[in-house]
Amino acid sequence: MAKNENIRADLEQLLQAEAQTWDYILSFVRPSCIRCAVELRIPDILRKHGIMTISDLVASLPNLNPSKISFLPVLMRILVHSGLLNYQKEVDSYSFTTAGSLLIENEPFSKRSHFLFSQNPVITLKPFSSLSHWLQDDLPTAFDTTYGKSMWDYCADEPKFGSIFNDAMASDSKLFSHLFINSEQCKHVFEGLTSLVDVGGGTGTLAMAIANAFPRLNCIVFDLPHVIGDRKGITTGNLEFVAGSMFDNIPYANAILLKFILHNWSDEDCVKLLKKCRESIPSKEKGGKVMVIDIVIEDYSSNNINEQLVQVQHFMDVIMRISYGAKERTKTEWEKLFLDAGFSDYKITANFGMRSLIEIYP
Ligand SMILES: C[S@@+](CC[C@H](N)C(=O)[O-])C[C@H]1O[C@@H](n2cnc3c(N)ncnc32)[C@H](O)[C@@H]1O
Ligand SMILES: COc1cc(-c2oc3cc(O)cc(O)c3c(=O)c2O)cc(OC)c1O
């Protein structure tokens, strides 16, 4: 009897392990289905209706081939299981979850463009399928292994891809700026500042939100010439766009903002860049500071851990290492960078999902 129980337990364990591996084997299906729904504009259609049956959806998709209509409930079931839609059995209808509503185009906090960027073959298929080659060759990143140039040069040479990347980053900045500017914990952050440079500020989404919220704060968006483009030299109210390389010259200001910049660079490059930032701000006594918005890798063993967020941080670490020759950092690794660059003190003020605000002082 005991022997039979043992055999049954072993078989159950084996089946559980097999289910886990099937989940990994087929994990590509979920993002492909979400991409399909986004491309068919299902989130935008659902937004207009609020709640929809499959028949409503079919009526809103005139280009759908009639022979494929039976796939729609299958697609919707995946979206429901992915936590993007709710299904109300009583009325046989679908509605958004909060996460699903982030896929609607033109919503203030839409992550649609970031999702489409993540599905772009330029960054996913090729570099990720050359991962094992990259581990064996002497090129700095899997991106270089695939394209023979860095991500930043690729963006400059391929403007269409460059704007897909900039739009993805801008969508993150839109959501982030809402959290940042309205956060009680961050009320003090802009106090006493009269000028601020958003270094690597992309197309200016975050700086624009700050400039609007603090009309007496003069803000500069600083980025590479191909990103600043036609905005170069344009000043609108308290917002100005300046083109250049942050490794050469950074405009002088009370404070410098670095959002999702340092995680793109090696420790050596970060120290160089942080030293450049120090040269462009006043002393701590005169209010000088650098505000780093970036990932601080959480320790799995700490209390109140959000496992989904930690996993996202670990995935981003893989992306940064293989695609950009960079990395995500723990609190200890950040501290070492700041001290190596000659800063005297730092404060991790708040965290916003996977990202934190770190204020560093000369
Ligand atoms: C990951 S994006 C972050 C954009 C923006 N800070 C945000 O969070 O939305 C990195 C930015 O750094 C810019 N960048 C890369 N190298 C640069 C350089 N040498 N000087 C100035 N900006 C640079 C890129 O063009 C890009 O806009
Ligand atoms: C959040 O800051 C950055 C994110 C990314 C980035 O990069 C990739 C790369 C990839 O191969 C697949 C992906 O899905 C993604 C992303 O979703 C994503 O957000 C890139 C950055 O700089 C180049 C970031 O700073």
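Residues numbered from 1 in each chain as written. Chains lettered and ligands numbered in written order. Predicted model: local features only at pLDDT ≥ 70, side-chain atom pairs only at ≥ 80, totals over all residues. Heavy atoms only, no water.

Moving on: the site of ligand 2. The local shell around ligand 2 holds 15 residues, among which His-114, Ser-118, Ile-123, His-263 and Asn-264 are the closest. Contacts to ligand 2 include His-263, whose side-chain N or O atom sits 2.5 Å from an oxygen atom. The separation between an oxygen atom of ligand 2 and a polar side-chain atom of Asn-264 is 3.0 Å. Contact with the protein chains removes 93% of the 510 Å² of surface that ligand 2 exposes when unbound. At the level of elements, helix H7 (112-118), helix H12 (159-182) and helix H16 (307-324) are the ones that each hand at least two residues to the shell around ligand 2. The leading source of residues in the shell around ligand 2 is H16, at 4 residues. Its residues placed into classes, the shell around ligand 2 shows 11 nonpolar, 4 polar and no charged. (Near = heavy atom within 4 Å. Polar contact = N/O pair within 3.5 Å; in protein donor to acceptor, adjacent residues only side chain to side chain. Areas by Shrake-Rupley, 256 points an atom, 1.4 Å probe, with all protein chains shown as cover. Helix = DSSP H or I, 4+ residues; strand = E, 2+ residues; numbered from the N terminus. Nonpolar A, V, L, I, M, F, W, Y, C, P; charged D, E, K, R; others polar.)

Considering all chains together, one arrives at 0 disulfides under this definition. No disulfide involves Cys-186; its sulfur sits 15 Å from the nearest other cysteine sulfur, which is in Cys-219. Relative accessible area serves as the criterion here: at 2%, Cys-186 is assigned to the buried category. Summary of cysteine pairing: Cys-270 is not part of a disulfide, and the nearest cysteine sulfur, belonging to Cys-277, is at 10.0 Å. You can call Cys-270 buried: its relative accessible area is 0%. (Disulfide = S-S within 2.5 Å. Buried < 20%, exposed > 50% of the residue type's maximum accessible area, 1.4 Å probe, protein only.)

One can find Ser-132 in helix H9 (residues 131-136). Exposure remark for Ser-132: the relative accessible area of 42% places this residue in the partly exposed category. Separated by 10 residues in sequence, Ser-132 and Ala-142 place their C-alpha atoms 9.1 Å apart.

Right, let's talk about the packing of helix H2 (residues 29-39) against helix H5 (residues 72-81) for a bit. At a minimum axis distance of 10 Å, the contact between H2 and H5 shows a crossing angle of 115 degrees. When the interaxial angle is binned, H2 and H5 end up roughly perpendicular. At the point where H2 passes H5, the crossing takes the left-handed sense. The segment H2 lies against H5, with Arg-30, Cys-33, Ile-34, Cys-36 and Ala-37 engaging Leu-75, Ile-78, Leu-79 and His-81. (Axes fitted to C-alpha atoms, helices over the stretch in contact; angles between N-to-C directions. Parallel < 35°, antiparallel > 145°, perpendicular 65-115°, else oblique. Left-handed = near helix turned anticlockwise from the far one by under 90°. Contact = heavy atoms within 4.5 Å.)

Here strand E2 (residues 93-96) shows two buried faces, one formed by Ser-93 and Ser-95 and the other by Tyr-94 and Phe-96. The sheet contact formed by strand E1 (residues 85-88) and E2 spans 4 bridges and is antiparallel. In the strand pairing of E2, Tyr-87 is matched with Tyr-94. As consecutive antiparallel partners, E1 and E2 are separated by 4 residues, and within that stretch Asp-92 has a phi angle of approximately 50 degrees, a positive value. (Pairing = 2+ DSSP bridges.)

On to the domain arrangement of the protein, then. Taken domain by domain, the protein holds domain 1 (1-103) and domain 2 (115-361). Averaged C-alpha coordinates put domain 1 and domain 2 at centres separated by 34 Å. (Domains from an automatic or database assignment.)

As a further point, take the site of ligand 1. By nearness alone, 18 residues border ligand 1, and Ser-173, Gly-200, Asp-223, Met-246 and Lys-259 come closest of all. Take Lys-259: an N or O atom from its main chain is 2.8 Å from a nitrogen atom of ligand 1. Contact with the protein chains covers 96% of the free accessible surface of ligand 1, which is 600 Å². Looking at which element gives the most residues to the shell around ligand 1, the answer is H12, with 3 residues. Per-class residue counts for the shell around ligand 1 are 10 nonpolar, 6 polar and 2 charged.

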